[in-house]
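Structure at a glance
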Amino acid sequence: MPKYKCPSVGDCDKANTGEIFERTAAEDIRCPECSTLMVLQDQNKTSKPANPKIIAIAAVAIFVVVAGVGGGLYYKKSHAPVATETAAAATATAASAPAPATSVTPIAETQPASAPVTGNASGIAPSDAEITAQRKDSDTRLKQGDAQGAESESNQVAAKEMVKVAIAQMSQGKLAEAEKELNDALARDPRQSLVYYNMGVLRLKQGRTDDALKQFEASFLNGFNYFDEMAKDPDLDSIRNDPRFIVLVKKYRTTV
């Protein structure tokens, strides 16, 4: 069974004591103490050297399975309370309010499945279709023996899943948790434009406009191409008429 250690020495008791955790492919690989992603330990240091290519492919295979399954379980767990509360509120409202004269078209029917999702209250999330396609690409690279490429794709998928979790947390007002999630996503994929964009949204919620503008520029520099979705994001209403933001958008939107 793969063994992991928490890398947050100095900030986590589990990391300070060097405690080892065994995790299966279906289990979460976050530290139970501080929730930091744990590091896979090399279990072959004292054994007979094996073929390096086989070791690399096997290690990435474990990582891909853990990132995909564990990340999905973590995402579902993070959203379960929100879904339950929303369903309960909807049921209570339906029971107490009079029946409407006309029907309302569900939001899901007006949102293309392949488009990035603009939250009702927070940020822009990558689409499920985009994540699924990238996960398949990672599997294909692994089968072709491209361990490095498969690991890179897997990290990008994990970062996008973390962005979705952070957006849910911001919608609940959990800004500290959302910031930690976005920082973890940035560690996985430093060039993910949606990480910087949603960090900018978080800074606006914290009242830090100057820092928010820096995050938006970093997002644009890393290939942000969701300008149409950004125009509909209510989180940007507070700076939409800010001359600095107008200049920033004009500069980068004309180059994409």
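Predicted model only: the values in this text are computed from it and were never measured.

1. Considerations on the overall build of the chain
- A tally of regular secondary structure across the chain gives 10 helices and five strands.
- In the chain, which comprises 256 residues, the share counted as buried stands at 37%.
- Residue pairs at least 24 apart in sequence account for 61% of intrachain contacts in the chain once pairs closer than 6 positions are excluded.
- By element, 55% of the accessible surface of the chain is carried by carbon and sulfur atoms, the whole surface being about 14,500 Å².

2. A few points about the confidence of the model for the chain
- Chain-level pLDDT for the chain is 76 on average; 67% of the residues reach the 70-or-more range.
- Confidence drops under a pLDDT of 50 for residues 45–50, and excluding neighbours within four residues, the segment shows one contact in the predicted structure.
- For residues 58–115, every residue scores under 50 in pLDDT, and the model assigns this stretch 52 contacts once sequence neighbours within four places are set aside.

3. Here's the deal with the environment of Pro7
- As for its placement among the helices and strands, Pro7 is situated in the loop between strand E1 (3–5) and helix H1 (13–17).
- For Pro7, a relative accessible area of 42% corresponds to the partly exposed category.
- A C-alpha to C-alpha distance of 6.3 Å links Pro7 and Met38, two positions 31 residues apart in sequence.
- When residues no more than four places from it in sequence are discounted, the contact partners of Pro7 are Ala15, Thr36, Leu37, Met38 and Val39.

4. Concerning helix H4 (residues 128–143)
- Its 16 residues give H4 an end-to-end C-alpha distance of 23 Å, which sits within 8% of 22 Å, the value for a rise of 1.5 Å per residue.
- Inspection of H4 places Ile131, Gln134, Ser138 and Leu142 among the buried residues, and these make up the whole buried set. With its buried residues spanning 85° around the axis, H4 presents them on a single face. With respect to the buried face of H4, the exposed residues turned more than 90 degrees away are Lys136 and Lys143.
- A positive phi of about 85° marks Gly145, the residue just after H4.

5. What about the nonpolar core?
- Ranked by internal contacts, the top residues of the largest apolar core, which has 42 residues, are Tyr197, Phe216, Phe220, Phe224, Met230, Leu236 and Phe245.
- Those elements giving two or more residues to this core turn out to be strand E5 (124–125), helix H5 (147–171), helix H6 (175–188), helix H7 (193–205), helix H8 (209–221), helix H9 (227–230) and helix H10 (243–253).
- In this structure, Phe220 is in contact with Phe227, Met230, Leu248, Val249 and Tyr252, ignoring residues within four places of it in sequence.

6. Remarks on the pattern of salt bridges
- Applying the stated criterion to the full structure yields 17 salt bridges.
- The salt bridge partner of Lys205 is Asp235, with a shortest N-O separation of 3.1 Å. You can see Lys205 sitting in helix H7 and its partner Asp235 sitting in the loop between H9 and H10, a full 30 residues away along the chain.
- Among the salt bridges present, the one from Asp211 reaches Arg208, with a minimum N-O distance of 3.0 Å.
- For Asp211, a relative accessible area of 26% corresponds to the partly exposed category.
- Among the ionic contacts, a cluster of salt bridges with common partners joins Arg30, Lys180, Glu181 and Asp184.

7. Notes on unusual backbone geometry
- Phi angles above zero are rare outside glycine, and Ser35 is one such case at about 70°.
- Secondary-structure assignment places Ser35 in the loop between strand E2 (20–22) and strand E3 (39–40).

8. Focus on the packing of aromatic side chains
- Taken as a whole, this structure holds eight aromatic pairs when the rule is applied.
- Plain terms: the ring middles of Tyr197 and Phe224 are 5.2 Å apart, the flat faces sit at 15° to each other, and that makes the pair stacked. You can see Tyr197 sitting in helix H7 and its partner Phe224 sitting in the loop between H8 and H9, a full 27 residues away along the chain. One exposure class covers both Tyr197 and Phe224, and it is buried.
- Their ring planes at 65° and their centres at 5.9 Å tell us that Phe216 and Phe245 sit as a pair that is edge-to-face. Of the two residues, Phe216 is situated in helix H8 and Phe245 in helix H10; the sequence distance between them amounts to 29 residues.
- Ring-pair connections join several aromatic residues into one group, and the members of that group are Tyr197, Phe216, Phe220, Phe224, Tyr226, Phe227, Phe245 and Tyr252.

9. Examining the sheet that holds E3
- In spatial order, the strands read E2-E1-E3; together these three strands make up an open sheet with antiparallel pairing. Lying at the two open borders of the sheet, with one neighbouring strand each, are E2 and E3.

Thresholds, definitions, all that
- Residues numbered from 1 in each chain as written.
- Predicted model: local features only at pLDDT ≥ 70, side-chain atom pairs only at ≥ 80, totals over all residues.
- Heavy atoms only, no water.
- Helix = DSSP H or I, 4+ residues; strand = E, 2+ residues; numbered from the N terminus.
- Buried < 20%, exposed > 50% of the residue type's maximum accessible area, 1.4 Å probe, protein only.
- Contact = heavy atoms within 4.5 Å.
- Areas by Shrake-Rupley, 256 points an atom, 1.4 Å probe, with all protein chains shown as cover.
- pLDDT = per-residue confidence, 0-100.
- Expected span 1.5 Å × (residues − 1).
- Arc of directions from axis to C-beta.
- Core = buried A, V, L, I, M, F, W, Y, C linked by side-chain atoms within 4.5 Å.
- Salt bridge = Lys/Arg side-chain N within 4 Å of Asp/Glu carboxyl O.
- Phe/Tyr/Trp six-rings, centres within 6.5 Å; stacked < 30°, edge-to-face > 60°.
- Pairing = 2+ DSSP bridges.

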